[in-house]
Amino acid sequence: MASENRINIDIFKAVTRSIAHSEDLDVMTNHLAQLLTASLDIKGCAIFVLNAVTEELEILASFGLSAKYLTKGPLNTPKSINETFQGNPVVISDISKKNKSLQYPEEARKEGIAAIVSLPIVHLGEVVGVLRLYHYEPWKVSEQDLESLQILADVIGLAMTYARFHNTVHAIAEVLGHTFQVELTPKLGRH
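Computed from a predicted model, the values in this text were never measured in an experiment.

Criteria and cut-off values
Residues numbered from 1 in each chain as written. Predicted model: local features only at pLDDT ≥ 70, side-chain atom pairs only at ≥ 80, totals over all residues. Heavy atoms only, no water. Helix = DSSP H or I, 4+ residues; strand = E, 2+ residues; numbered from the N terminus. Expected span 1.5 Å × (residues − 1). Buried < 20%, exposed > 50% of the residue type's maximum accessible area, 1.4 Å probe, protein only. Arc of directions from axis to C-beta. Pairing = 2+ DSSP bridges. Phe/Tyr/Trp six-rings, centres within 6.5 Å; stacked < 30°, edge-to-face > 60°. Lys NZ or Arg CZ within 6 Å of the ring centre and 35° of its normal. Contact = heavy atoms within 4.5 Å. Axes fitted to C-alpha atoms, helices over the stretch in contact; angles between N-to-C directions. Parallel < 35°, antiparallel > 145°, perpendicular 65-115°, else oblique. Left-handed = near helix turned anticlockwise from the far one by under 90°. Nonpolar A, V, L, I, M, F, W, Y, C, P; charged D, E, K, R; others polar. Salt bridge = Lys/Arg side-chain N within 4 Å of Asp/Glu carboxyl O.

1. Some remarks on helix α1 (residues 9-20)
Point 1. Here α1 contains 12 residues, and its C-alpha end-to-end distance of 16 Å stays within 8% of the 16 Å for a straight helix at 1.5 Å per residue.
Point 2. Of the positions making up α1, those classed as buried are Ile11, Val15, Ser18 and Ile19. Taken around the axis of α1, the buried residues stretch over an arc of 95°, which confines them to a single face. Across from the buried face of α1, at angles greater than 90 degrees, the exposed residues are Ile9, Asp10, Arg17 and Ala20.

Here's what the structure looks like:
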């Protein structure tokens, strides 16, 4: 289980292009999950958004993971790799070793997961989500790759925020356009 560098400039280019060419958050995050899984040759990837009210992670996108695993139960922030919610990346290089960070260790084993990397998705100093990478074999992530993965998670946070703002602005413009059109139509008809 030697540490190796897997993240290269080609992965950064692919992620950046994926983000730059998508306005739809669901399409973008699903594409990113698929892209990271294939590029890193791992079992799967999931991108979660944090529900601040329930303190649970809600699945935004995933690739390579079964529906059974994804619906195993709620992911509570105090129980599910908690250090991530304090803004720290967490590497569980071998889940067969006892680890109190995992909320559902037995389900992970049944899914064929041997290692998990959990990275906070941060925007303006607050954790807004989590990027999780799942490997089918033990995985010792190099420091360089961990830094690179955290940068990718930060970029995903920016993209998520941008996509939400973009969608909100378009929804407001649509409502305002419809409102002005409805108000103007009767006035024009009276002349």
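From this point on, the discussion continues.
2. Description of the pairing of strand β2 (residues 56-63)
Point 1. Direction of pairing for strand β1 (residues 44-51) relative to β2: antiparallel, over a ladder of seven bridges. Looking across to β2, one finds that Cys45 is bridged to Phe63.
Point 2. Connecting the antiparallel pair β1 and β2 is a turn made up of four residues, with Glu55 showing a positive phi of about 55°.

3. Quick word on the packing of aromatic side chains
Point 1. Throughout the structure, instances matching the rule amount to one aromatic pair.
Point 2. Ring centres of Tyr69 and Tyr134 lie 6.0 Å apart, and the angle between their planes is 85°; this geometry places the pair in the edge-to-face category. Taken as a pair, Tyr69 in helix α3 (residues 67-70) and Tyr134 in strand β6 (residues 126-135) lie far apart in primary sequence, 65 residues in all.
Point 3. Residue classification places Tyr69 among the buried positions, given a relative accessible area of 6%.
Point 4. Classification of Tyr134 as buried rests on a relative accessible area of 3%.
Point 5. The cationic tip of Lys72 hangs over the ring face of Tyr69; the distance from NZ or CZ to the ring centre is 3.8 Å.

4. Topic: the sheet that holds β2
Point 1. Taken in spatial order, the six strands line up as β3-β2-β1-β6-β5-β4 in an open sheet, and their pairing is antiparallel. The open sheet is flanked by β3 (75-76) and β4 (90-92), the only strands paired with a single partner.
Point 2. Pairing of β2 with β3, which is carried by two bridges, proceeds in the antiparallel orientation. By the bridge assignment, Leu57 is partnered in β3 with Leu75.
Point 3. Strand contacts of helix α2 (residues 25-40): β1, β2 and β6, with the helix running at about 65° to β2, the strand carrying the most contacts.

5. Considerations on the packing of α1 against α2
Point 1. Direction vectors running N to C along α1 and α2 enclose 170°, while the axes themselves pass 10 Å from each other. In terms of their interaxial angle, α1 and α2 are classed as roughly antiparallel. The hand of the α1/α2 crossing is right-handed. Between α1 and α2, the contacting residues are Ile11, Ala14, Val15, Ser18 and Ile19 on the first element and Met28, His31, Leu32, Leu35, Leu36, Ser39 and Leu40 on the second.
Point 2. A per-class count over the contact of α1 with α2 returns nine nonpolar, three polar and no charged.

6. Quick look at the pattern of salt bridges
Point 1. A complete count under the given rule lists two salt bridges for this structure.
Point 2. As a salt-bridge pair, Lys43 and Glu111 come within 3.9 Å of each other at their nearest N and O atoms. In this pair, Lys43 is assigned in the loop between α2 and β1 and Glu111 in helix α4 (residues 105-111), connecting sequence segments 68 residues apart.
Point 3. With its nearest N and O atoms 3.5 Å apart, the salt bridge here joins Arg109 to Glu106. Highlighted residues: Arg109 and Glu106, both in helix α4, separated by three residues, approximately one helical turn.

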